[in-house]
Every structure is written in structure tokens, then in C-alpha cells.
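# Descriptive analysis of the structure
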Amino acid sequence: MAQQIQDLVASIRKDGIEAAQKEAEQIIADAKAEAAALVEKARKEAAQEIEKAHKEIQTRDQSAISSLQQASRDVMLSLKKAIQAELDRILATDIEKAYSSKELANVIITVISSLSDVGEKDVQLSKKDFDQLATSLKKELGEEMKKGLEIKAVPSVRSGFRVSEKDGSAFYDFSAEETVELLRPFLSPSIQDIVFKAEQ
């Protein structure tokens, strides 16, 4: 009987140890599988983070390049505007100089001589030009003035002159400002071709 008890205890012990070993092996296998899954998950997350960082860097780089390109375009447009404004200023100054008293009187006489029905017209000048030219113009345009042509100073003309219908229905504007506006479309393309040729 003692032998049976010993055999029983040995069998229980053997079964318990085998069960414990199997359980331990299962726990180890589960732990290894879980560790492998965690490592794989960590690898995937790390790869995603790296990819995300690369995309952010590319986006930031592209944004920086786009900003630089836009800034470059803005600078070129500002430069073009500044050059055009300076050319307009120079053109206006030169036209005002060209409309000095002697030349202005000759231009007025030529224009009036080419018009019909001068009796219905006014020659409008700045106060300064009127004071300087009235006498010589009245002398040169005496016949036209007998027909009704009037020469007068008006505050709206700074330089140059206007020939206006007396009823105000129409006028020919030969002021320096209007002459600049008339010449600008013809001047700008040629200046732009010279100044901005390298950009194109």
C-alpha cells in the first residue's frame, strides 16, 4: 500500500510538473508572440512616423519654394511698377519742357489753323502760359479771333492747352498729362522689351 501511495504521489507530481511545464511553455510562447507583435507594431509605427516626417519636410520645402517664387514675382512686379512710374515722370517732365512758351505757341497756331469753324472754339491755357502767350497768340490768330475764337486761362490746365467747343460739348486735349497718356502705350512695350528682356 505504501508503494501505491508513493506511485500515486509520483504520478500526481509528474502530472503536476508536466502541466506546469506545459503552462510555462504556453506562457513563454504567448509572451514571445506578444513581444513579436509589439516589435512589429513598433516597427510599423516608426515607419509611419518616418514617412509622415518626410512628407512634412517635403510639404514645408515645397511651401518655402512656392513662397520664394511668389516673393520673386512680387519683387519683379514692384520693380516694373517703380520703373514705369519713373519713366512716366520723366516723360511728363520732358513734355512739359517741350511745351515751353515758344514751342507751345507754334503748336497752338498749327492746331487752330487745321480746324474748321474756329469761331465756335476756345483755346484754354494755364494762367502762367496765358500771361506769357496771350499777346503773341492774339497777334498770330487775329483773323480767327475776329471769327469768334477765344483764348483764356483755366485752372484745370496745368501745362499744354485744350481746344474746346464753346458749348462744352467736346474738346481736344493737348495738356502734358493727356499727352503722356497718349504716348504711354507706344513707349511702354519698347521700354519693357529693353528692360525686362532678360526675364522672359
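I will try to describe carefully the structure that is included in this document.

Reading the values: the criteria
Residues numbered from 1 in each chain as written. Predicted model: local features only at pLDDT ≥ 70, side-chain atom pairs only at ≥ 80, totals over all residues. Heavy atoms only, no water. Helix = DSSP H or I, 4+ residues; strand = E, 2+ residues; numbered from the N terminus. Contact = heavy atoms within 4.5 Å. Buried < 20%, exposed > 50% of the residue type's maximum accessible area, 1.4 Å probe, protein only. Salt bridge = Lys/Arg side-chain N within 4 Å of Asp/Glu carboxyl O. Lys, Arg positive; Asp, Glu negative; His and termini not counted. Core = buried A, V, L, I, M, F, W, Y, C linked by side-chain atoms within 4.5 Å. Pairing = 2+ DSSP bridges. Axes fitted to C-alpha atoms, helices over the stretch in contact; angles between N-to-C directions.

## What to know about the overall build of the chain
Of regular secondary structure, the chain possesses five helices and four strands. Reading the helices (α) and strands (β) of the chain from amino to carboxyl end gives α-α-β-α-α-β-β-β-α. In the chain, of all internal contacts separated by at least 6 residues, the share reaching a separation of at least 24 is 73%.

## Points about the side chain of glutamine 124
As for its placement among the helices and strands, glutamine 124 is situated in strand E1 (residues 121-125). Glutamine 124 gets classed as buried once you look at its relative accessible area, which sits at 11%. Not counting residues within four places of it along the chain, the set of residues in contact with glutamine 124 comprises Lys152, Val154, Val157, Gly160, Phe161, Arg162 and Ser164.

## Regarding the pattern of salt bridges
Across all of its chains, the model carries seven salt bridges by this definition. Here lysine 152 ties to aspartate 122 by a salt bridge, and the two come within 3.1 Å at their closest N and O atoms. Of this pair, lysine 152 sits in strand E2 (residues 150-153) while aspartate 122 sits in strand E1, and the two are 30 residues apart along the sequence. The exposure class of lysine 152 is partly exposed, given its relative accessible area of 32%. One salt bridge in this structure joins lysine 166 and glutamate 150, with 3.4 Å as the shortest N-O distance. Placement of the pair is lysine 166 in the loop between strand E3 (161-165) and strand E4 (171-173) and glutamate 150 in strand E2, with a sequence separation of 16 residues.

## Describing the side chain of glutamate 144
Inspection of the secondary structure assignment puts glutamate 144 in helix H4 (residues 142-146). Put simply, glutamate 144 is tucked away with no salt bridge, and the nearest opposite charge, on lysine 147, sits 6.1 Å away. Here glutamate 144 is in contact with Ile112, Val118 and Leu149, once residues within four sequence places are set aside.

## Concerning the nonpolar core
Ile108, Ile112, Val123, Leu125, Leu137, Leu141 and Phe161 are the most contacted members of the largest nonpolar core, which totals 17 residues. Secondary structure elements with two or more residues in this core: helix H2 (101-114), E1, helix H3 (127-140) and E3. With residues up to four places along the chain from it excluded, the contact list for phenylalanine 161 reads Leu104, Val107, Ile108, Val111, Gln124, Leu125, Tyr172, Asp173, Phe174 and Ser175.

## Details of the sheet that holds E4
Read across the sheet, four strands follow the order E2-E1-E3-E4 without closing on themselves; strand pairing throughout is mixed. Edge positions in the sheet fall to E2 and E4, since each has one partner strand and no second. Within the sheet, the average angular offset between the axes of one strand and its neighbour, ignoring direction, is 20°. Pairing of E1 with E2 involves four bridges; the strand directions are parallel. Opposite glutamine 124, over in E2, you have lysine 152 as the bridge partner. Sitting on the sheet, H3 is in contact with E1 and E2, with an inclination near 160° to E2.

Read these as layout, nothing more, since geometry by itself doesn't imply function.
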